[in-house]
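Notes for the structure review
Letter by letter, the chains look like this.
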Amino acid sequence: MADLQTEQIEIRKSDPRELALIEALYPEAFPDEDLLPVVRALLQEAPVVLSLAGFIGSSLVGHVIFTTCSVGGSRNKVALLGPLAVAPARQKQGIGRALVRAGLQRLETVGVVHVYVLGDPAYYGRLGFVSETRVAPPYPLPAQWSGAWQSLDLCNAATPSRGTLAVPRPWRQPALWAP
């Protein structure tokens, strides 16, 4: 398998015409989860979503969504990372990392100071995310997931917010926050 040192990945904002490619990627990457309803709903929330697609040649190899959120009473701009999908044949090649880093750079340029994620601490920890205790997720998490709620401070982050992450409608489904 080739890696990103030998192949060039193009990362750019996804285009609505690529929806079929994106919809094909998620069941491939997550055969045991149905993420398509939330992906579709998030992609319709254009003003509050940064959707990045990664291509090698004409093949979609990865996709990530960052959703603008808020923490009650705070003026800090924050975002939620997820979902992130990489084609199974292209996993463990740095594509997910490249997508996340590209998104973080874009968010930083528009003033986002904190990014939150619910995901594997081993994976996201390699990207600089740490266990989050200041801001709670929108729904209580099972005890076994306590380390999965993580955050990353961008740039010279303002004083960290405290409270609960307020998310847009597509994320207001308790099932998305439970096993």
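An account of the accompanying structure is given in this report.

Procedures and definitions
Residues numbered from 1 in each chain as written. Predicted model: local features only at pLDDT ≥ 70, side-chain atom pairs only at ≥ 80, totals over all residues. Heavy atoms only, no water. Axes fitted to C-alpha atoms, helices over the stretch in contact; angles between N-to-C directions. Helix = DSSP H or I, 4+ residues; strand = E, 2+ residues; numbered from the N terminus. Parallel < 35°, antiparallel > 145°, perpendicular 65-115°, else oblique. Left-handed = near helix turned anticlockwise from the far one by under 90°. Contact = heavy atoms within 4.5 Å. Nonpolar A, V, L, I, M, F, W, Y, C, P; charged D, E, K, R; others polar. Buried < 20%, exposed > 50% of the residue type's maximum accessible area, 1.4 Å probe, protein only. Pairing = 2+ DSSP bridges. Core = buried A, V, L, I, M, F, W, Y, C linked by side-chain atoms within 4.5 Å. Salt bridge = Lys/Arg side-chain N within 4 Å of Asp/Glu carboxyl O. Polar contact = N/O pair within 3.5 Å; in protein donor to acceptor, adjacent residues only side chain to side chain. Expected span 1.5 Å × (residues − 1).

The geometry of helix α1 (residues 19-29) relative to helix α2 (residues 36-43) is characterised by a closest axis approach of 10 Å and an angle of 150 degrees between their N-to-C directions. When the axis of α1 is compared with that of α2, the two are roughly antiparallel. Classified by chirality, the crossing of α2 by α1 is right-handed. Packed against α1, whose contacting residues are Leu-19, Ile-22, Glu-23, Tyr-26 and Pro-27, the element α2 presents Leu-36, Val-39, Arg-40 and Leu-43 at the interface. Among the residues forming the contact of α1 with α2, the class breakdown is seven nonpolar, no polar and two charged.

Moving on to the environment of Gly-82. Note on placement: Gly-82 falls in strand β4 (residues 77-86). A residue is classified by how much of its surface remains accessible, and Gly-82, at 8% relative accessible area, is buried. Expressed as a C-alpha distance, the spacing of Gly-82 and Ala-178, which sit 96 residues apart in the sequence, is 15 Å.

Turning our attention to the pairing of strand β3 (residues 59-71). In terms of burial, β3 is largely enclosed, as 10 of its 13 residues are buried. Relative to β3, strand β2 (residues 49-56) runs antiparallel, the two being bridged by eight bridges. If you follow Ile-56 over to β3, its bridge partner there is Ser-59. The loop that links β2 with its antiparallel partner β3 comprises two residues; one of these, Gly-57, has a positive phi angle of about 65 degrees. Note that β3 and β4 share seven bridges and pair antiparallel.

Take the nonpolar core next. In terms of nonpolar packing, the biggest core is built from 27 residues, with Tyr-26, Val-39, Leu-80, Tyr-116, Leu-165 and Trp-171 touching the most fellow members. Among the secondary structure elements, those contributing two or more residues to this core are α1, α2, β2, β3 and β4. Ignoring any residue separated from it by four or fewer positions in sequence, one finds Tyr-26 in contact with Leu-35, Leu-36, Val-39, His-63, Val-64, Pro-83, Leu-84 and Ala-85. In terms of nonpolar packing, the next biggest core, distinct from the first, is built from 25 residues, Ala-79, Ile-95, Leu-104 and Leu-152 among them.

Okay, the pattern of salt bridges next. Under the defined criterion, the tally for this structure stands at seven salt bridges. For Arg-12, the salt bridge is made with Glu-18, and the minimal N-O distance between the two is 2.6 Å. Given a relative accessible area of 25%, Arg-12 falls into the partly exposed group. Here Glu-18 falls in the buried class, since its relative accessible area comes to 10%. A salt bridge links Glu-45 to Arg-169; its shortest N-O distance comes to 3.4 Å. Here the residue Glu-45 occupies a position in the loop between α2 and β2, and Arg-169 occupies one in the segment after β9 (163-166), the gap between them amounting to 124 residues. Residue Arg-169 is classed as partly exposed on the basis of its relative accessible area, which comes to 48%. Members of the salt-bridge network, linked through shared partners, are Glu-10, Arg-12 and Glu-18.

Once that is clear, we can look at the side chain of Ser-151. Looking at the element boundaries, Ser-151 is found in strand β8 (residues 149-153). Given a relative accessible area of 3%, Ser-151 falls into the buried group. Polar contacts involving the side chain of Ser-151 include one to the side chain of Glu-132, which spans 2.4 Å. Those residues in contact with Ser-151 that lie beyond four places of it in its chain are Val-115, Tyr-116, Gly-128, Phe-129, Val-130, Glu-132 and Arg-134.

This part is about helix α3 (residues 95-109). Taking 1.5 Å per residue, 15 residues should reach 21 Å; α3 reaches 22 Å between its end C-alpha atoms and fits that length. Within α3, burial applies to Ile-95, Gly-96, Leu-99, Val-100, Ala-102, Gly-103, Leu-104 and Leu-107. Positive backbone phi, at 90 degrees, marks Gly-111, one or two positions downstream of α3.

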